Each structure stands twice: as C-alpha cells, then as structure tokens.
Amino acid sequence: MADLPELRIGIDVGGTNTDAVVLGADGQVIAKAKRPTSPDVTEGLRAALDAVLGELEGGWERISRVMLGTTHATNAILERRNLGRVAVLRLGAPATTSVPPLSGWPDDLREAVSAGEAIVPGGHYVDGREIAPPGLDAVRRFLDGVEADAVAVTSVFSPAGGEHERLVEELVKAEYGLPVSVSHEIGSLGLLERENATVLNAALYGVAAHVTEALVTAMAERGLGARPYLAQNDGTLMTLEHAARLPVSTIGSGPANSLRGAAYLSGVSDAIVVDVGGTSTDLGVLAGGFPRESAAAVEIGGVLTNFRMPDILAIALGGGTVVRNGGIGPDSVGYRIVREALVFGGATVTMTDAAVAAGRSPRGVAGWRERLEAAVQADMSERADISERMEDILERAVAIADETVIDAVDRMALGRTDRPLVAVGGGAFLLPDVIPGASRVIRPEHAEVANAVGAAIALASGRVDTILPAGDSRSEAIERAKEEAAARAVAAGADPSGVEIVDLLEVPLSYLSQPAVRVHVKAAGPLAR
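Residues numbered from 1 in each chain as written. Predicted model: local features only at pLDDT ≥ 70, side-chain atom pairs only at ≥ 80, totals over all residues. Heavy atoms only, no water.

1. With respect to the overall build of the chain
Okay, so step 1: From N to C terminus, the chain includes 15 helices and 23 strands.
Okay, so step 2: Dimensions of the chain, computed from the C-alpha atoms along their principal axes, are close to 80 × 60 × 45 Å.
Okay, so step 3: Taken over 529 residues, the chain has a buried fraction of 56%.
Okay, so step 4: Here the contacts in the chain between residues at least 6 apart in sequence split such that 67% fall between residues at least 24 apart.
Okay, so step 5: Carbon and sulfur atoms form 50% of the exposed surface of the chain, whose accessible area is close to 22,000 Å². (Helix = DSSP H or I, 4+ residues; strand = E, 2+ residues; numbered from the N terminus. Buried < 20%, exposed > 50% of the residue type's maximum accessible area, 1.4 Å probe, protein only. Contact = heavy atoms within 4.5 Å. Areas by Shrake-Rupley, 256 points an atom, 1.4 Å probe, with all protein chains shown as cover.)

2. Considering the packing of aromatic side chains
Okay, so step 1: In this structure the tally under the stated criterion is 2 aromatic pairs.
Okay, so step 2: In this structure an aromatic cluster arises from ring pairing among F344, W368 and F429.
Okay, so step 3: It is R129 that lies over the ring of Y125; its NZ or CZ is 4.7 Å from the centre.
Okay, so step 4: Directly above the aromatic system of F290 lies the positively charged group of R260, at a separation of 4.5 Å from the ring centroid. (Phe/Tyr/Trp six-rings, centres within 6.5 Å; stacked < 30°, edge-to-face > 60°. Lys NZ or Arg CZ within 6 Å of the ring centre and 35° of its normal.)

3. So, the UniProt feature "domain: Hydantoinase/oxoprolinase N-terminal" (unreviewed entry) in the chain
Okay, so step 1: Per the UniProt entry, the sites bearing "domain: Hydantoinase/oxoprolinase N-terminal" (unreviewed entry) are residues 8-175 in this numbering.
Okay, so step 2: The span residues 8-175 is 31% helix and 30% strand, and its two end C-alpha atoms sit 42 Å from each other. (UniProt positions renumbered as here; feature names shortened; annotations may be inferred.)

4. Focus: the pattern of salt bridges
Oppositely charged side chains can form a pair if their charged atoms are brought close together.
Okay, so step 1: In total, this model carries 27 salt bridges according to the counting rule given.
Okay, so step 2: Here R110 ties to E117 by a salt bridge, and the two come within 2.7 Å at their closest N and O atoms.
Okay, so step 3: Residues R360 and D402 are paired through a salt bridge, measuring 2.9 Å at the closest nitrogen-oxygen approach. On the criterion of sequence distance, the pair formed by R360 in the loop between α11 (351-357) and α12 (368-382) and D402 in helix α13 (residues 389-413) is long-range, its members being 42 residues apart. Across the pair, exposure class does not vary: R360 and D402 are buried alike.
Okay, so step 4: Each of R46, D50, E221 and R222 takes part in salt bridges that share partners, so that together they form one network. (Salt bridge = Lys/Arg side-chain N within 4 Å of Asp/Glu carboxyl O.)

5. Some remarks on the side chain of T18
Okay, so step 1: In this structure, T18 sits in strand β2 (residues 17-23).
Okay, so step 2: In this structure T18 touches I11, D12, V13, A33, K34, R35, P36, T37, G44, L45 and A48, once residues within four positions along its chain are discounted.

6. Some thoughts on the pairing of strand β17 (residues 321-324)
Regular strands have side chains that alternate between both faces of the sheet.
Okay, so step 1: Looking at chain direction, β17 and strand β18 (residues 327-332) are connected through 3 bridges and run antiparallel. Pairing of T321 across the sheet is with S332, part of β18.
Okay, so step 2: Following β17, the chain reverses through 2 residues before pairing antiparallel with β18. (Pairing = 2+ DSSP bridges.)

7. Observations regarding the nonpolar core
Okay, so step 1: Grouped together as the largest cluster of nonpolar side chains are 80 residues, with contacts concentrated most on I63 and L204.
Okay, so step 2: Examining the composition of this core, we find that 7 residues originate from one element, helix α1 (residues 42-56), more than from any other.
Okay, so step 3: In terms of nonpolar packing, the next biggest core, distinct from the first, is built from 45 residues, I272, L283, V343 and V356 among them. (Core = buried A, V, L, I, M, F, W, Y, C linked by side-chain atoms within 4.5 Å.)

8. Considerations on the packing of α1 against helix α7 (residues 205-221)
Okay, so step 1: Running from amino to carboxyl end, α1 crosses α7 at an angle of 30°, the nearest separation of the two axes being 11 Å. Overall, the two elements α1 and α7 adopt an arrangement that is roughly parallel. Crossing hand, α1 versus α7: right-handed. Only H210, A214, T217, A218 and E221 of α7 make contact with α1, whose side of the interface consists of T42, R46 and L49. (Axes fitted to C-alpha atoms, helices over the stretch in contact; angles between N-to-C directions. Parallel < 35°, antiparallel > 145°, perpendicular 65-115°, else oblique. Left-handed = near helix turned anticlockwise from the far one by under 90°.)

9. Considerations on the sheet that holds strand β6 (residues 114-121)
Okay, so step 1: The 4 strands are arranged β6-β5-β7-β8 in an open sheet whose pairing can be described as parallel. In the strand order of this sheet, the two ends are held by β6 and β8 (180-182), each with one partner. Each strand of the sheet is rotated relative to its neighbour by a mean of 20°, with strand direction disregarded.
Okay, so step 2: Sheet topology note: the strand β7 (residues 150-155)/β8 ladder contains 3 bridges and is parallel. Pairing of V153 across the sheet is with V182, part of β8.

10. So, helix α9 (residues 253-266)
Okay, so step 1: Helix length check: α9 (14 residues) gives 20 Å between terminal C-alpha atoms against 20 Å at 1.5 Å per residue, within 8%.
Okay, so step 2: By the criterion of burial, α9 is predominantly enclosed, with 12 of the 14 residues buried.
Okay, so step 3: Immediately downstream of α9, the backbone of G267 shows phi near 75°, a positive value. (Expected span 1.5 Å × (residues − 1).)

11. Re the packing of helix α4 (residues 136-144) against helix α5 (residues 163-175)
Okay, so step 1: The contact between α4 and α5 brings their axes to 11 Å, and the two run at 45°. Here α4 lies oblique to α5, going by the angle between them. As for the relative orientation of α4 and α5, their crossing is right-handed in sense. Contact with α4, carried on its side by L136, V139, R140 and L143, involves V168, L171, V172 and E175 of α5 and no other residues of that element.
Okay, so step 2: A class-by-class count of the residues in the contact of α4 with α5 yields 6 nonpolar, no polar and 2 charged. (Nonpolar A, V, L, I, M, F, W, Y, C, P; charged D, E, K, R; others polar.)

12. With respect to unusual backbone geometry
Okay, so step 1: The linkage connecting A93 with the following residue, P94, adopts the cis geometry, with an omega of 10°.
Okay, so step 2: Following the sequence through the fold, P94 ends up in the loop between β5 (86-93) and α3 (107-113).
Okay, so step 3: The amide bond that connects G329 to the next residue, P330, takes the cis arrangement and shows omega of 5°.
Okay, so step 4: Take P330: it is sitting in strand β18.
Okay, so step 5: Despite not being glycine, L102 shows a phi value in the positive range, around 65°.
Okay, so step 6: Turning to its location among the elements, L102 is positioned in the loop between β5 and α3.
Okay, so step 7: Its identity is not glycine, yet L414 carries a phi of approximately 55°, on the positive side.
Okay, so step 8: Within the fold, L414 resides in the loop between α13 and β19 (421-424).

What follows is the structure, encoded as structure tokens:
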C-alpha cells in the first residue's frame, strides 16, 4: 500500500450536526457527510464516520489519520456531568491567601468538582525570586485528608518557572498515584484564571478517557488502522496522549476548526469568517491563516480562565432559528429542522424558510421552494383575513437577520473594511451577497463542512508564555523559549523537521526592580508520519 495516496478524515461535533469529510492526498474533499448530533455525542460521531466511509466504497486501508473536534469537554462543564473530583493545591503561601482557590465559581460546579482546596508554601515573585520553598510536607498533610480523582497544582508565576509545580507533581505521582494537572502547561500569567483552567483540566481527565476510547473503538470496529488526533482551541491538533493530559485544550476547537477550514477552502488567509449553523452563528477573524486569539479572559461554565481561545462572537441566529410575528429567535428547532421547517414539510416557520422566500437557497436542493409556497398558500386559504401575514413575517425576518449580521461584522472588523468575508456552515445561504464592512462575500465549495475540513488539515502546535529578563541575556532566553515551544509542538504530534515559529509576541513590563519582558511564542508544524 506504500504507493497508494493517503487519505485523511476530519470530524467535527457541533451543537446541531456532526460533520465528517475525507480528504485525498491532494487535499481535495472526496467524501462528506452531515448527521444530527446525538444527545451522547458519540452515536452522531459514529453515524458521520460510517456515512463518509460508505461514500468511499473501499480503500479504507489508505486512511492514515482521523482528526476529531468535539464538544464533549464543553458539554461536561456546562452540564456538570462526568466531572472528576479534584484536590486543588496552590503554591503561594504566605502570599495569595486573601483570595482562596475557586473563588467566584458557581456553587453547583464547585460542588461537582472540588475534593478540597489548600494554599501551601511555595511559588515565585515576578522576577523569579522564591516566595518560599515548596511546602511538600503540607502537600502530604492535605492529600492525606481528601479523596480525589486528580490533583490540580498551581504555583504563583509558574509560567516563568515551573520547578515547584514539577516537584509536587513528582511527589503526588510517586506517593499517591493520582494524575496531576500543572498550571504552567495550561494557562498564562494571571493566577486565578490559570488556576481555574488547571482545575477544569484535572476534572476532565475522565471525559478525555471516554472520548479517546470511543474514537479508538469506533475506528477499530471499522478496521481503520489510522492514527487518531484531537483538535484543540487554537486550530491545531494533538495526539490522544497529549489530549489525555490537556483535555481542557479541546474546548473551543469547533470555531477554530471552522476558521481554519474557511481559510483552506477559500485560499484567503486574512478575512472575517461567518459560520452559520442550525442554532447560532459564530464570527471570527483569520490572521495569517490562523484564528485571531482573544485578548480577554474567557468564561467557561461560569468560570474565568486565561488559556488561549479564538476571538469568537456568537449570535443567536441559525438555519433553525424560529421566526415569529414579533421577530426571530433566540430559540431554534436545532437538529429537528429536517422535520419541523416549512421547506421540509413541517409546521414551524424558521430562518431557513425566510431565506428561501427571499431567494436564498443552498446549492443542489430540490423541492424547498415548492413546499414553502404550498405552506404559504395553505396559510392564505385557512386565514384569508390575514393572508399576507406569512409573506410579511418572512420578509421582515430576513431584514432583522441581515441587520444582526451586519452589526456583528462591524464589531469584529474593528474599523477595517478591506477584508473579505468567508461564509461557511450549513446555514451560510442565509447571508446576503453584499455585507457592509467586508470587501466581498466568498462562498467556497464544501463550505457546509468547513469545520470538518479544518480538523482534517490542522497542524500540531506548542506554545510558551513566560517572563524573561530584558538585559544582555534576553536574546538567549527568547531562543530557549522558542526551543521549548517547538518541543511542545513535537510532543503534540508535529514532525520535528517541519516545526516553525508562527507567532512571537514580546511586551516590556513596567514597575519591576529589574527590566523584564513578557514573551509569548507559538510553534506549529505538520503531523509526523
């Protein structure tokens, strides 16, 4: 089989649909499918995988990689289900004691996750000096008194020096045999947000194990010998081993996949991307082919975190959004659209119906216009006194939707109007052909499965966010940060020979006794064979 071209499968689990594609060796889409997302997520994943495999009609042995973007972790946090109990350790005493761990968490999430919290001696100042040696005996006394599935360790300013966290990690693994989540691998400098992300990561170990087992089992049942990967929130991939250690990185992978897929399908690297789904529309910005990242803290399940996420604006507008006399949404028929919308013979007026009435339909559909006209005629015959109401309602719904999208584009554009807008997602046909704030509207082929394409073409990456001295040793320290970012990319599955530094941000810090800079480095490269 060595002479046959390899194939790649990308799968993206969304709120309404689970999409899957197969890419050929030349990067062309050779099979695609959409299936409703199932309540347990996994059944929809299997259905989408079976659908694209069925289109191939053999040749499965040529599939070398399967990439999955999933909402398992997000759903577990939002629904407070299947989360592990976490012993929360902060290394910072005698500093940082005035604001204890998990401050500000919603009561139900804290109750579901926390096995106990403690602040023990340890941590560093911003210039690298120790606050105190790590209190290993205090760590033992705390862990002896709790029953936990995992331990989350957060040390003050650990992104600038993670040795205290590593010492505690070694102790916990050697003496207690528990998995450990260390904050310098997860978040950036801010203590509370980094601690929150580290605790969520530890709580998701069981969820990650379930996802990876489900994917591996589904592949084995179908005789696929491909290597599996999971998509993460910056639009890149990681191995299952890496995902098992950093499951919180899978949160937000869906929008990132859509942006990467939009860049790939359109050939445009700087653009506004609008992904219209069944329930909501996500807007993001491509910068150099990668998602623009949010500069603000990101809230997940009511908890503030500071790990990198794409800058996404979500609005309650999708193909299944319910249309009423007084306006649109925010509720949606979601995956039930195929039996409830008027164009499918149902009885609920949706944004899909309004768009079709305005002459906006996806390519290749048959019978939508006829079924919609029949529904409008039936409405006229049943209620002659208000016979024009249905048409008026549909027309007004499109006007409201267009105004909503134009406003959202204006908010994401930040004053620039020279970038194109790439319309993707199953509901992209809802968008008008001209949108103020964008130079033009691009509708690439296979746009309805851009998220799955984004998963299939993703790179592997690693990043470092730290504080370095600004003196004579600055250049050497930045080179070491680049090497660390590259090493993390390789650990995530990248081919060492193809790893490049794709982002380097250096910010001088004020009010310190010694000059220092904050450095963020991101490395990315193609997957190793």
